[in-house]
Amino acid sequence: MAEYQTHEYDVIVIGAGGAGLRAAIESSAMGAKTALVCKSLLGKAHTVMAEGGMAAALANVDKADNWQTHFRDTVLGGKYMGNWRMQQLHAQESPERALELERWGAVFDRTPEGKINQRAFGGHTWKRLAHVGDRTGLEMIRTLQDKGVHQGIDVFMECTIVELLKDSGRVVGAFGYWRETGKFVVFKAKAVVMATGGIGKMFRVTSNSWEYTADGHALALRAGAELIDMEFVQFHPTGMVWPPGVKGILVTEAVRGEGGLLKNSQGERFMERYDPKRMELSTRDQVAKAIYTEVKEGRGTPHGGVWLDISHKDAEYIKKKLPSMYHQFKDLADVDITTSPMEIGPTMHYIMGGIRVVPESGAATVPGLFACGECSGGMHGGNRLGGNSLSDLLVFGKRAGEGAALFARDNGAHVGFDDAQIKRTEQDVLRPFESRASHTPYDLHFELQDLMQDNVGIMRTGDDLKTAIAVFPAFNEKLRGARVEGSRMFNPGWHLAWDMVNMLLIAEVVARAALQREESRGAHTRLDFPKTDSGGYWETVNSCATYEDGRVGMGLIPKPVMPAELKALVDATA
Amino acid sequence: MSRMQTGQKVTFRILRGEGDSLKEVDYHVEAETGWVVLDAVLNIQATQAPDLSVRWNCKAAKCGSCSAEVNGKPRLMCKTRLDDIDTSQPVVVHPIKSFPHVKDLVADVKWNYEVNKRITPFTPAKDADFTYYQEDVDRVQEFRKCIECFLCQNVCHILRNHEAHSRFAGPRFFVRVAGLEMHPMDTADRTQFLDQEAGVFLCNITKCCTHVCPEDIHITDNAIIPLKERVIDRKYDPLQWLVRKVTGKK
Ligand SMILES: Cc1cc2nc3c(=O)[nH]c(=O)nc-3n(C[C@H](O)[C@H](O)[C@H](O)COP(=O)(O)OP(=O)(O)OC[C@H]3O[C@@H](n4cnc5c(N)ncnc54)[C@H](O)[C@@H]3O)c2cc1C
Ligand code: SF4
Ligand code: SF4
Ligand code: FES
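Residues numbered from 1 in each chain as written. Chains lettered and ligands numbered in written order. Predicted model: local features only at pLDDT ≥ 70, side-chain atom pairs only at ≥ 80, totals over all residues. Heavy atoms only, no water.

This paragraph deals with helix α4 (residues 136-150) of chain A. Residue and element names in this part refer to chain A. Between the first and last C-alpha of α4 there are 22 Å, a value that for 15 residues agrees with the 21 Å anticipated at 1.5 Å per step. Judged by how many residues are buried, α4 sits mostly within the fold: 13 of 15 residues are covered. Immediately beyond the C-terminal end of α4, within one or two residues, lies Gly152, with a positive phi of roughly 90°. (Helix = DSSP H or I, 4+ residues; strand = E, 2+ residues; numbered from the N terminus. Expected span 1.5 Å × (residues − 1). Buried < 20%, exposed > 50% of the residue type's maximum accessible area, 1.4 Å probe, protein only.)

Given below as structure tokens:
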């Protein structure tokens, strides 16, 4: 492979968000030679945008909190779809991960006793979210970034991985290009950790950035891994709806955590009709559906949302607790949230489904591959609770890093490469430069976003889903012919062409998983199957996607059964 | 400035190209109400110039990716509303200038990451118990708001002279060091680094950095000046230095 720049590592981690950074730190701490690869500059991953906080039963504010309650909240929030073992590990270990972050220099907001402060969030019984105003993710990523860099992890920034390399049934590395030069690069590794985040860019209205093109999901699937729970797509209830340029940008749940009220155009606190007990702090799936219904039934605001109002709180308090929301609305929408309500509506936010892993080690179903963070599945089930992602990143980032380092140690020698696979991939990735077609990847991207938003969105029907699924083959054909202009130097149009290959594959997986599940549960709502099959068949199975001979396979696998003592925990108080 | 109406025509004059072949190219777009400059740039990319290079991530002034010079002013493109600039004339968009140019609106900012590696990381005492109070960290939290947009680095006249890159860390990294030095649990001494390697005394307090910071960090008053005082104390009044270090105070 003399023609490609080649790097050799024990472990390479793809993705430098909270999950990837934590994995790389662990792997390198265990003595594995570790590299971290990411599409953007270091420190710009999605994690930097997380606002509200990180859930951990530290019991600093509400003394009654403990891992058991956090576990139960997560199981119930996930509508019984989650993997109990992941949920247990997560609840047990997130306090230690939060404290560890503090020991590495993160500066959380404090309680009067001088401990990490915690705030209320939807679906959490107690005040549980460790936070830094409304920029918790920035604090997390900067802390991890500095820890990692000083620990000797090699970082490859602005490098996009396009395919995992395999040999003899095992993942042995990754193939990518430098965004700046367009030149290809090969990473040889004994183990690979996937930490690429989500899939939001296939939807029209989303809080997600250009990076969320389902790369990790697609690469893993093509390499032989399985994806579970892909029908569960979280629409966050509160995204900005106006002005048009900011549509979809997130309004943190911390606004409601700090006492924000939801009202329709008639001034009614409509959550009374949907979840009178928890009101605004109900789970995201409930609040999103409530808002959708209010708007649909004609009680929406001028731009098709509802009102979120925190102006009854003291102006200084708002600016102190929600500084970036204050600026976001002031700068982007000319709205002063200390005096006026915000106009908000649902926005695609998070994918619960992802790469199927062994809870303890993050190992995927194909040897040599590990996964953690948003691109992995199982932890959140049918609906993710706010704050449970940041803690998930640390708990399972650490575990996957450890899993990968151990695998690399036990599976010593670097194995060979399939040169033909590399050649083939290179040709596929470069093909758009030869096309003379009139359409560009951008045109197709907009088409896909409309298709997904309208047919695989917040409310689904079998007919709509079938419509979408029927379109994919032709779409794929069109994409093969899409035209790219210019050179290989930092060429976003060309980059999007391959991102689209990944998005299309995973869009099909989402649509098929959604068609398969004939019930409504958590974030998955079927208008033609409106009931939740509580205690029934659909509660006992997870969807599971595979990829063979160039085709998506969709099936069901039995959900791991929760041990009696944990089930008692959930039932006792449910 | 009056509010932009959907459909209003605006011309953007964007620096295109790489190496020596650079030119400004005019693109005409129909703007939408509430657009920021980044909306226009991404629209141009999607409909007229698919290979137009630009960095962005959050589109909400949280990640610091989209720094550029808009009509000669260093700004985050995602925070610069068309309503707030003169759109009767072509809006000129250039990349930030203090760093090597890559292509179109993208500059090579790797040097900043190299500087960061040289800063002694957070170093708590072995037995530190991490009980500290909000008033201890209000100041540090200001520094930790930095989104690494490097706009301050871009305007600092010392860094505009590229030769100084080896002797001067730049305002972003004084903010970083201040965040570490004033962390109530930190025990490391970075004064020698500040003095010798980071060149803190080269700064002559022009405050240009503070003026462009999108996070409103008072870079000069709250970070650079107190750091200079620390370096001086360390040299001439070690006791005072120790007091500041231990109390985490300015
Ligand atoms: C606006 C917003 C606010 C949020 N607030 C909260 C909150 O308050 N609390 C909470 O718990 N969760 C929150 N979330 C969710 C949470 O932030 C994300 O789920 C989480 O940060 C994902 O982390 P990650 O490490 O899995 O991936 P990311 O942080 O997204 O990182 C993905 C990494 O993978 C890289 N990558 C992707 N594809 C490739 C490729 N092909 N080649 C190389 N690199 C690649 C990217 O460059 C990036 O470095 C929020 C999300 C958003 C969008
Ligand atoms: S105040 Fe100092 S660091 Fe800031 S721009 Fe002026 S010289 Fe540079
Ligand atoms: S200090 Fe301000 S201007 Fe400088 S990099 Fe940080 S956020 Fe940007
Ligand atoms: S895109 Fe993140 S700061 Fe502008």
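This part is about the site of ligand 3. Taken together, the neighbourhood of ligand 3 is formed by Cys146(B), Ile147(B), Glu148(B), Cys149(B), Phe150(B), Cys152(B), Cys213(B), Pro214(B) and Ile219(B). Taken together, the residues of the shell around ligand 3 sort by class into 8 nonpolar, no polar and 1 charged. (Near = heavy atom within 4 Å. Nonpolar A, V, L, I, M, F, W, Y, C, P; charged D, E, K, R; others polar.)

Another aspect to go through is the sheet that holds strand β4 (residues 73-76) of chain B. The strands that make up a sheet pair up through hydrogen bonds in the backbone, lying either parallel or antiparallel. All names here are of chain B. The sheet built from 5 strands is open, its strands ordered β2-β1-β5-β3-β4 with mixed pairing. Looking at which strands have only one partner, the edges of the open sheet turn out to be β2 (21-30) and β4. Each strand axis lies, on average, 30° off the axis of its neighbour in the sheet, ignoring direction. As judged from the 2 bridges shared by strand β3 (residues 67-70) and strand β5 (residues 91-94), these two strands associate in the antiparallel manner. When the sheet's bridge partners are listed, Glu69 is paired in β5 with His94. Here helix α1 (residues 37-47) sits on the sheet and contacts β1 (9-18), β2, β3 and β5; the angle it forms with β1, its principal contact strand, is near 70°. (Pairing = 2+ DSSP bridges. Axes fitted to C-alpha atoms, helices over the stretch in contact; angles between N-to-C directions. Contact = heavy atoms within 4.5 Å.)

What follows is about the pairing of strand β8 (residues 170-178) of chain A. Residues and elements named next belong to chain A. Buried residues dominate β8, accounting for 8 of its 9 residues. Counting the residues between successive antiparallel strands, the hairpin from strand β7 (residues 159-167) to β8 contains 2 residues, one of them, Ser168, with a positive phi of roughly 45°. Across 5 bridges, β8 lies against strand β9 (residues 184-194) in antiparallel orientation. From the neighbouring strand, Tyr177 faces β9, where its bridge partner is Phe184. The antiparallel hairpin formed by β8 and β9 contains 5 residues in its connecting segment, where Gly182 sits at a positive phi of about 75°.

Counting 237 residues, the largest nonpolar core has Leu448(A), Ile506(A), Phe12(B) and Met77(B) as its most contacted members. Looking at which element gives the most residues to this core, the answer is helix α14 (residues 492-516) of chain A, with 12 residues. In this structure, Phe175(A), Phe184(A), Val186(A) and Trp494(A) belong to the second largest nonpolar core, which totals 16 residues. (Core = buried A, V, L, I, M, F, W, Y, C linked by side-chain atoms within 4.5 Å.)

Looking at ligand 2, there are 13 residues lining it, with Cys156(B), Cys203(B), Thr206(B), Cys209(B) and Thr220(B) nearest. Split by residue class, the shell around ligand 2 holds 8 nonpolar, 4 polar and 1 charged.

So, on to the confidence of the model for chain B. Per-residue confidence for chain B averages 93 on the pLDDT scale, and 98% of its residues sit at or above 70. For this predicted complex, the interface confidence score (ipTM) comes to 0.94, while the overall pTM stands at 0.96. (pLDDT = per-residue confidence, 0-100.)

At the interface, 57 residues of chain B touch 60 residues of chain A. The tally of links between chain B and chain A comes to 8 salt bridges. Between chain B and chain A we count 38 residue pairs in polar contact (both at pLDDT 80 or more) in total. Listing elements by their share of the side of chain B that touches chain A, those giving two or more residues are α1, β6 (101-103), α2 (110-117), α3 (134-144) and α6 (171-181) of chain B. Residue contributions to the side of chain B that touches chain A peak at 5 residues, all from α3(B). For the side of chain B that touches chain A, the residue count by class is 25 nonpolar, 12 polar and 20 charged. (Salt bridge = Lys/Arg side-chain N within 4 Å of Asp/Glu carboxyl O. Polar contact = N/O pair within 3.5 Å; in protein donor to acceptor, adjacent residues only side chain to side chain.)

Next up on the list: the sheet that holds strand β18 (residues 551-558) of chain A. Residue and element names in this part refer to chain A. Reading across from one edge, β15-β10-β17-β18 is the order of the 4 strands in this open sheet, with antiparallel pairing throughout. Of all the strands in the sheet, just β15 (354-355) and β18 have a single pairing partner and so form its edges. On the sheet, helix α5 (residues 215-222) packs against β10 (227-228), β15 and β17 (541-548) and is oriented at approximately 65° with respect to β17. Contacts from α14 reach β10, β17 and β18, with the element oriented near 40° to β18.

Quick look at the pattern of salt bridges now. Considering all chains together, one arrives at 71 salt bridges over all chains under this definition. When the shortest N-O distance is used, the salt bridge between Asp499(A) and Lys39(A) registers 3.9 Å. Taken as a pair, Asp499(A) in helix α14 and Lys39(A) in the loop between β2 (34-37) and β3 (54-55) lie far apart in primary sequence, 460 residues in all. Assigned by exposure class, Asp499(A) and Lys39(A) land together as buried. Close ionic contact of Glu148(B) with Arg172(B) constitutes a salt bridge, the shortest N to O distance being 2.9 Å. With a gap of 24 residues between them, Glu148(B) in the loop between α3 and α4 (151-155) and Arg172(B) in helix α6 connect regions that are remote in the sequence.

Turning our attention to α5(A). Residue and element names in this part refer to chain A. Counting buried positions over the 8 residues of α5 gives 7, a clear majority of the element. When α5 is considered as a whole, its buried residues turn out to be Asp215, Gly216, His217, Ala218, Leu219, Ala220 and Leu221. Where α5 ends, the next residue or the one after it, Gly224, has phi of about 105°, a positive value.

Take the environment of Phe329(A) next. Residues and elements named next belong to chain A. In this structure, Phe329 sits in helix α9 (residues 323-333). Judged by its relative accessible area of 2%, Phe329 is buried. Separated by 14 residues in sequence, Phe329 and Glu343 place their C-alpha atoms 9.9 Å apart. Setting aside residues no more than four positions away along its own chain, Phe329 makes contact with Met240, Val251, Asp334, Val335, Ile337 and Met342.

This part covers the packing of helix α3 (residues 84-103) of chain A against helix α10 (residues 388-410) of chain A. Relative placement of two packed helices is described by the angle separating their axes and the distance separating the axes. All names here are of chain A. In the contact formed by α3 and α10, the axes pass within 8 Å of each other and the chain directions differ by 90°. What the angle tells us is that α3 and α10 run roughly perpendicular. Counted together, Met86, Leu89, His90, Glu93, Ser94, Arg97 and Leu101 of α3 and Asn388, Ser391, Asp392, Leu394, Val395, Phe396, Lys398 and Arg399 of α10 form the full contact between these two elements. (Parallel < 35°, antiparallel > 145°, perpendicular 65-115°, else oblique.)

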